[in-house]
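So the chains spell out like this:
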Amino acid sequence: MTKRRWRLVIFAGILLIGGFIMQNREKSEDEAISLVLDHATEIDDIDLFQGDQSLFRATGDEAQHFIEKYPLSHVRKLSKKERTIFEEKPAYHIVYKMKDKTIYEVEILKVAISSELDEELQQMVFPIGDAQYLIYWTKEKKALEQSINTQRLLEQYGQ
């Protein structure tokens with residue numbers, strides 16, 4: 001084969017591999033969202049951490065007070081540039097479990113530069129004291145809309 005044909009074959013191979021990777025990522029993202037939506041009401045264990053320190057653990061009926069009925073009601077992908085608006089290390093980490101199996105985990109990010117928040121992100125942050133926070137689904141790199149139950153959990157048990 002000529003050099004030109006080899007280049008075309010290599011280019012086509014790269015395109016195929018790239019397409020396969022993108023399709024696989026989308027499938028993985030869809031599965032993660034599906035898992036959360038399917039089991040959101042069955043969560044029976046919530047763990048709240050600040051760094052490595054456990055601040056609070058709710059199980060059974062107690063966990064029901066802090067469960068999100070619609071955890072993915074408003075989801076937005078957070079770009080690397082937008083991620084810099086928040087402090088690098090999360091203020092809190094929350095793990096939602098069902099029968100000792102982690103369903104999903106979120107980080108609570110503290111707003112570092114509030115003037116940089118666009119209108120949509122401003123609607124997603126929530127205040128606790130003098131600071132503003134955002135719920136961030138690290139695994140999928142998505143911001144989740146603030147919720148009353150998460151805000152209440154942090155107000156009662158966050159430090």
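Each remark here, short or long, concerns the structure printed above.
Rules of the game
- Residues numbered from 1 in each chain as written.
- Predicted model: local features only at pLDDT ≥ 70, side-chain atom pairs only at ≥ 80, totals over all residues.
- Heavy atoms only, no water.
- Helix = DSSP H or I, 4+ residues; strand = E, 2+ residues; numbered from the N terminus.
- Contact = heavy atoms within 4.5 Å.
- Areas by Shrake-Rupley, 256 points an atom, 1.4 Å probe, with all protein chains shown as cover.
- Salt bridge = Lys/Arg side-chain N within 4 Å of Asp/Glu carboxyl O.
- Buried < 20%, exposed > 50% of the residue type's maximum accessible area, 1.4 Å probe, protein only.
- Core = buried A, V, L, I, M, F, W, Y, C linked by side-chain atoms within 4.5 Å.
- Polar contact = N/O pair within 3.5 Å; in protein donor to acceptor, adjacent residues only side chain to side chain.

Draft legend 1. Expanded view of the overall build of the protein. Counting its regular elements, the protein contains 5 helices and 8 strands. Helices (α) and strands (β) of the protein occur, in sequence order from the N terminus, as α-β-β-α-β-α-β-β-α-β-β-β-α. Of all intrachain contacts in the protein linking residues separated by at least 6 positions in sequence, the fraction that spans at least 24 positions is 63%. In the structure as shown, the protein presents an accessible area of about 10300 Å², 51% of it carried by carbon and sulfur atoms.

Draft legend 2. Quick look at the pattern of salt bridges. Taken as a whole and judged by the stated rule, the model has 6 salt bridges. In this structure, arginine 76 and glutamate 120 form a salt bridge, with 3.3 Å as the shortest nitrogen-oxygen distance. Of this pair, arginine 76 sits in strand 3 (residues 75-77) while glutamate 120 sits in helix 4 (residues 119-124), placing them 44 residues apart in sequence. Of the residues examined, arginine 76 reaches a relative accessible area of 12% and is grouped as buried. What emerges from the salt-bridge pattern is a single network uniting Asp45, Asp47, Arg57 and Lys97.

Draft legend 3. The nonpolar core, seen in detail. One finds Ile46, Leu48, Tyr92, Ile94, Val106, Ile108 and Tyr133 to be the most contacted residues of the largest nonpolar core, which totals 27 residues. Looking at this core, the elements with two or more residues in it are strand 1 (45-50), strand 2 (53-59), strand 4 (92-98), strand 5 (101-110), strand 6 (126-128), strand 7 (131-137) and helix 5 (148-157). Here isoleucine 108 is in contact with Pro90, Ala91, Tyr92, Ile94, Phe126, Tyr133, Leu134, Ile135, Thr150 and Leu154, once residues within four sequence places are set aside. Grouped together as the second largest cluster of nonpolar side chains are 12 residues, Phe86, Leu109, Leu121 and Tyr136 included.

Draft legend 4. Representation of unusual backbone geometry. We note that lysine 99 has phi near 50°; this positive angle belongs to a residue other than glycine. Along the chain, lysine 99 turns up in the loop between strand 4 and strand 5. Under the relative-accessibility criterion, lysine 99 is labelled exposed at 69%. Positive phi is not limited to glycine here, since lysine 141 has a value of about 55°. Structurally, lysine 141 is set in the loop between strand 7 and strand 8 (142-144).

Draft legend 5. Inspection of the side chain of arginine 76 at higher detail. A distance of 2.9 Å separates a polar atom in the side chain of arginine 76 from a polar atom in the side chain of aspartate 118. Once residues lying within four places of it in the same chain are set aside, the contact partners of arginine 76 are Glu82, Asp118, Glu120, Leu121, Met124, Lys141, Lys142 and Ala143.

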